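Spelled out from the first residue to the last, the chains are:
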Amino acid sequence: MVYQESVPTSATPVLAKNFKPGARVTPRQHKAMWEALVKRRKKLASHVPQSGGKQGVPPATAPASEAKNVSPGPKAPTGPNDLVIARNHRNPLASTDQCGVAASLAEPSAANDGRNVYYTGNFDHQEFSTNRGSSFSCAQPYPAGPAQARFPCCDTQVVYHRARDVTFHSMLYVDDLSTFTNGIVRIFVRRQIPSPDNCYYDIDFDPTRTDVLADFPHLGLSKKFLYVSANRNDGPNPEDWLGAGMRRFNLDQLAACRVASGRAINFTNPGGQRILVPGSGTQNVMYFSWVNTPTQWRVFSWPDDSTRVGSTLHDVAAMTFGDADCRGGVNNADWADEIAANIVGFNVQTAITRNSVNVWVPTNSDAKYRQPHIVGAEFRRGKHPNDLGLVQQPVIAFSGQCAGVPAVGVNDSGDQGLAIGVGGRVGGRGPAVTTAVGIKDKYNQGPGRFVFRKIAQATYNPDDARYGDYFTVNRNSSCGRFFDATGYGLLGGTAPSNVNARYVEFGRGPVCS
């Protein structure tokens, strides 16, 4: 067990009346900017060994449970134990440039506050709905960034805090359209989804420097704080990793658009770059995690009432990382590039339920599972935040197609809702990749079968080996046992106009009104 002390920080709001319009970035410029950013990410990840470290032996009391069922599409409610797709709506504006520039790597994210839905995605489009996603309208364009990071780039995320009835959404801003020597994360505060943002906060993970890229940002919520994470890269030296940053800020102050007090902490790792994502389902203790070695997880805990962050190491069965082969669709293209199943952890997820902490990571094919798949670990929570014991190691694997890019959320019952990428196969000629949703709850809690349903029709795989990344799964604001989720597939081609972007609500039992 290791503890590290955080340091004080703060964030100052910019009110809506002081927003400045940003210069328009063309779709071609955005695409070039994105390609340069992905090139940086791949170069940085290529320096990280995919194996090594202590070889642990998993406890005999940690059986595996496997997901082997995936159905082709939504199913009408028939019984209290069935997985129900209550709503499944396309956001047609996400495949046009009407509300900002769209991309074939859609990265959709959304949350609702009842009938209202807020929806964002790559590169910089944002929409809202006032009828649970049946139709969407354009939100106001992103304002200009600060002098050291002028351009809204990508990597958007949306979260909703029910107790304060406030939606937060984030955007990565960068300084340049090609070199990326500096970047900040901007957090927007929206008190009413159909109305414009009330303010924003610029979070600079290295305020004394103007040559650090705060990349791959994510948001998380606890009872008292908004958590913001970012991967800190050396701007002039793309192969240098400076650490994983985590910040938290007072929710009441953020919601009121006042100066927000907070704490900041940075983590490094002897084994090379790791990326942190705040957990879902947090109450009084935030958890997040990374794969320490192929046989070991590191789980972090940060109580709301503490300035110190704890972490523990947990031995598990061996995991395999590497460049996954997931070819399929009409064009028989590979949707999983070399960082999709990488130990660096671009898609590591953590879910906090009533009695457990659950971690998920996409992995490559191995001797047991012929297709790339998702590996998890469930840890029982004890008397204090760092008292965690391994319960089981669930595996989401399908015999004829790949699984990856997991996103997870937690509902009021402590159930996990998952959105995953499914499609393609080793050797090629698999189905086109798309999004499927499923639940891990009392009906499939132990060793057993999870059931997933595809939510977006797809015919093509992307032509650049990039799919997913910023799916979101949130607790449905008006029905505590259901979830909201986003996903997409490519229908009829590989251009942004072919993105079949979805907003879905799913759960078990009767459909929420």
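In every chain, residue numbers begin from 1 and rise along the written sequence. Reporting of local features is limited, given that this is a predicted model, to residues whose pLDDT is at least 70; pairs of side-chain atoms are given and counted only at 80 or more, and all residues count toward the totals for whole chains, interfaces and linings. Only hydrogens and water are set aside when side-chain values are computed; all heavy atoms of the structure are taken into account.

This next bit is on the sheet that holds strand 8 (residues 117-121). Only when DSSP finds a minimum of two bridges between them are two strands counted as paired. Helix numbering and strand numbering both begin at the N terminus, where a helix is a DSSP run of H or I of at least 4 residues and a strand a DSSP run of E of at least 2. Here we have 4 strands laid out as an open sheet, ordered 7-8-9-10, and antiparallel in their pairing. Looking at strand neighbours, the two that pair on one side only are strand 7 (109-112) and strand 10 (137-138), the edges of this open sheet. Relative to strand 8, strand 7 is paired through 4 bridges, and the arrangement is antiparallel. Bridge pairing in strand 8 places Ala111 opposite Tyr118.

Within the element layout of this structure, Asn498 appears in the loop between strand 34 (483-490) and strand 35 (499-508). The definition of a polar contact used here is a pair of N or O atoms within 3.5 Å, where within protein one atom must be able to donate a hydrogen and the other to accept one, and adjacent residues in sequence count solely through side-chain atom pairs. Polar contacts involving the side chain of Asn498 include one to the main-chain amide nitrogen of Thr494, which spans 3.4 Å. The residues touching Asn498, leaving out its near neighbours within four places in the chain, are Gly489, Leu490, Leu491, Gly492 and Gly493. Whether two residues are in contact is decided by their heavy atoms: any pair within 4.5 Å suffices.

Another point: the state of the cysteines. Think of a disulfide as a covalent bridge from one cysteine sulfur atom to another cysteine sulfur atom. Here, two cysteine sulfur atoms that lie within 2.5 Å of each other are counted as a disulfide. Applying the stated criterion across every chain, the model contains 4 disulfides. Each sulfur in the disulfide pair Cys326 and Cys402 lies 2.3 Å from the other. The disulfide joining Cys326 to Cys402 has a torsion of about -110 degrees about its S-S bond and is therefore left-handed. With Cys326 in the loop between strand 21 (308-315) and strand 22 (327-328) and Cys402 in strand 29 (residues 402-410), this residue pair connects regions lying 76 residues apart in the sequence. Residue exposure (1.4 Å probe, protein chains only): buried if accessible area is under 20% of the type maximum, exposed if over 50%, otherwise partly exposed. By relative accessible area, which is 0% here, Cys402 ends up buried.

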